[in-house]
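# Topology and contacts: notes
Listed below are the residues making up each chain.
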Amino acid sequence: MSTANQEEFINTIKMALGKPMAASQRDADLFKSDMSDETRTILERHKNRTPEGRKKLLATFIEAAGPINLEVISCEDVNSVTAAIVDLVRDKDPEWGHKKSVVAWRHPLIENLNLPAALSQQDVNVFFTDSKELEGENLRRHVIDSYIGITAADFCMADSATLVMRTRAGQARSVSLVPAIHIAVIELNQIIADLKELYALLKWDPKVKKEGLTNCMTFICGPSKTADIEATMVHGAHGPREVYVFVITAEY
């Protein structure tokens, strides 16, 4: 949007509200194109974050996750995550029916878990959303039938325990929304401080900016919850009733 378009847009809103625009406001550049000193500091902090700094963010994440019933599990490596998910699948039963099935994103981090082989001993099928067999109505049916959905994430904001997920081909958003249990797998270096750091990365970091926002970016803060009826908190009414985040702490 050019400066002229900015001014026209803002003036139209001001006129509709019946509020005259001061000269200083008319001349201001409302959408700065240069990086601010604050943003530069945030990016430098992110770039130079030490292993100890990342562990502190993990501690902040775990603390923020408690009050919102988000389960955060630190795992040393991929094998530890696989073992923990196998145990979780064994201990958790579907809300309806008896057949257990899992639907997962096709993502390098999830593929490294080798879940189809690990869960075969329990006779639990793992369906990946980019499979040719899972298209259209068939994909919807498998997502609905699966009681656990497994995804990765782009970032996790530590201060609010919020997962940030951009949608991509083969990574259906429904995997994190429809199954009763959502499992997200991330690495330690994907934990960032807060919303300011996220916005700074999206706008200015070359690697993150290259892909952009994609067609949707979802923020997930724990399991679905509502208190619409008699102010009684209920989990799982509009989405997963349980959310687990496995954090791989090994430095690669």
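First things first, this report covers the structure right here in the doc. (Residues numbered from 1 in each chain as written. Predicted model: local features only at pLDDT ≥ 70, side-chain atom pairs only at ≥ 80, totals over all residues. Heavy atoms only, no water.)

### As for the layout of surface pockets
In this structure, the largest pocket encloses a volume near 520 Å³. Lining the largest pocket are 19 residues, with Asp-154, Phe-155, Arg-166, Gln-190 and Lys-207 sitting closest to its centre. For the lining of the largest pocket, the element with the highest residue contribution is helix 10 (residues 206-211), accounting for 3 residues. A per-class count over the lining of the largest pocket returns 7 nonpolar, 5 polar and 7 charged. Of the volumes computed, that of the second largest pocket is approximately 340 Å³. Lining the second largest pocket we find 21 residues, and of these Trp-96, Ile-144, Asp-145, Ser-146 and Tyr-147 sit closest to its centre. Where the lining of the second largest pocket is concerned, the elements lending two or more residues are strand 3 (125-128) and helix 8 (137-145). Of all the elements, helix 8 adds the most residues to the lining of the second largest pocket, at 4 residues. (1 Å grid on protein atoms, 1.4 Å probe; cavity = no way out; pocket = protein on both sides within 12 Å on 5 of 7 lines; lining within 4 Å. Points joined across faces, edges and corners; volume = space filled by probe spheres on them. Helix = DSSP H or I, 4+ residues; strand = E, 2+ residues; numbered from the N terminus. Nonpolar A, V, L, I, M, F, W, Y, C, P; charged D, E, K, R; others polar.)

### A closer look at helix 9 (residues 195-204)
Of the residues making up helix 9, those classed as buried are Glu-197, Leu-198, Ala-200, Leu-201 and Leu-202. Buried residues along helix 9 sit against helix 3 (37-47), strand 5 (155-157), strand 6 (162-166), strand 8 (191-192), helix 10 and strand 9 (217-220). Looking at where helix 9 begins, the residue whose side-chain oxygen comes 3.3 Å from the main-chain nitrogen of Lys-196 is Asp-194. (Buried < 20%, exposed > 50% of the residue type's maximum accessible area, 1.4 Å probe, protein only. Contact = heavy atoms within 4.5 Å. Polar contact = N/O pair within 3.5 Å; in protein donor to acceptor, adjacent residues only side chain to side chain.)

### Description of the sheet that holds strand 4 (residues 148-151)
Read from one edge to the other, the open sheet built from 6 strands follows the order 1-12-7-4-2-3, with strand pairing classed as parallel. A single partner strand is all that each edge strand has here, and the edge strands are strand 1 (70-75) and strand 3. Neighbouring strand axes in the sheet, compared pairwise and without regard to direction, differ in orientation by 20° on average. With 4 bridges connecting them, strand 4 and strand 7 (residues 181-187) associate as parallel partners. If you follow Gly-149 over to strand 7, its bridge partner there is His-182. (Pairing = 2+ DSSP bridges. Axes fitted to C-alpha atoms, helices over the stretch in contact; angles between N-to-C directions.)

### Comments concerning helix 5 (residues 78-91)
The first and last C-alpha atoms of helix 5 sit 20 Å apart over 14 residues, in line with the 20 Å expected at 1.5 Å per residue. The backbone nitrogen of Asn-79 lies 3.3 Å from a side-chain oxygen of the residue at the head of helix 5, namely Asp-77. (Expected span 1.5 Å × (residues − 1).)

### Points about the sheet that holds strand 5
Spatial ordering of the open sheet is given by 8-5-6-9, a layout of 4 strands whose pairing is mixed. Strands with a single pairing partner mark the edges of an open sheet, and in this sheet they are strand 8 and strand 9.

### A closer look at the nonpolar core
In this structure, Phe-61, Ile-85, Ile-150, Ile-183 and Ile-191 are the most contacted members of the largest nonpolar core, which totals 55 residues. Those residues in contact with Ile-183, other than ones at most four positions away along the chain, are Ile-85, Leu-88, Ile-148, Gly-149, Ile-150, Thr-151, Tyr-244 and Phe-246. Listed in part, the 11 residues of the second largest apolar core include Phe-155, Val-164, Ala-200 and Leu-202. (Core = buried A, V, L, I, M, F, W, Y, C linked by side-chain atoms within 4.5 Å.)

### What about the pattern of salt bridges?
Tallying each qualifying case throughout the model produces 16 salt bridges. Glu-242 is the salt-bridge partner of Lys-92, the closest N and O atoms lying 3.0 Å from each other. Highlighted residues: Lys-92 in the loop between helix 5 and strand 2 (101-104) and Glu-242 in strand 12 (residues 242-248), separated in sequence by 150 residues. Overall, the relative accessible area of 24% leaves Lys-92 in the partly exposed class. Its relative accessible area of 16% is what places Glu-242 among the buried residues. (Salt bridge = Lys/Arg side-chain N within 4 Å of Asp/Glu carboxyl O.)

### Some remarks on the packing of aromatic side chains
Counted under the stated rule, the structure contains 0 aromatic pairs. A cation over an aromatic ring shows up here: Lys-203 above the ring of Trp-204, its NZ or CZ 5.2 Å from the ring centre. (Phe/Tyr/Trp six-rings, centres within 6.5 Å; stacked < 30°, edge-to-face > 60°. Lys NZ or Arg CZ within 6 Å of the ring centre and 35° of its normal.)

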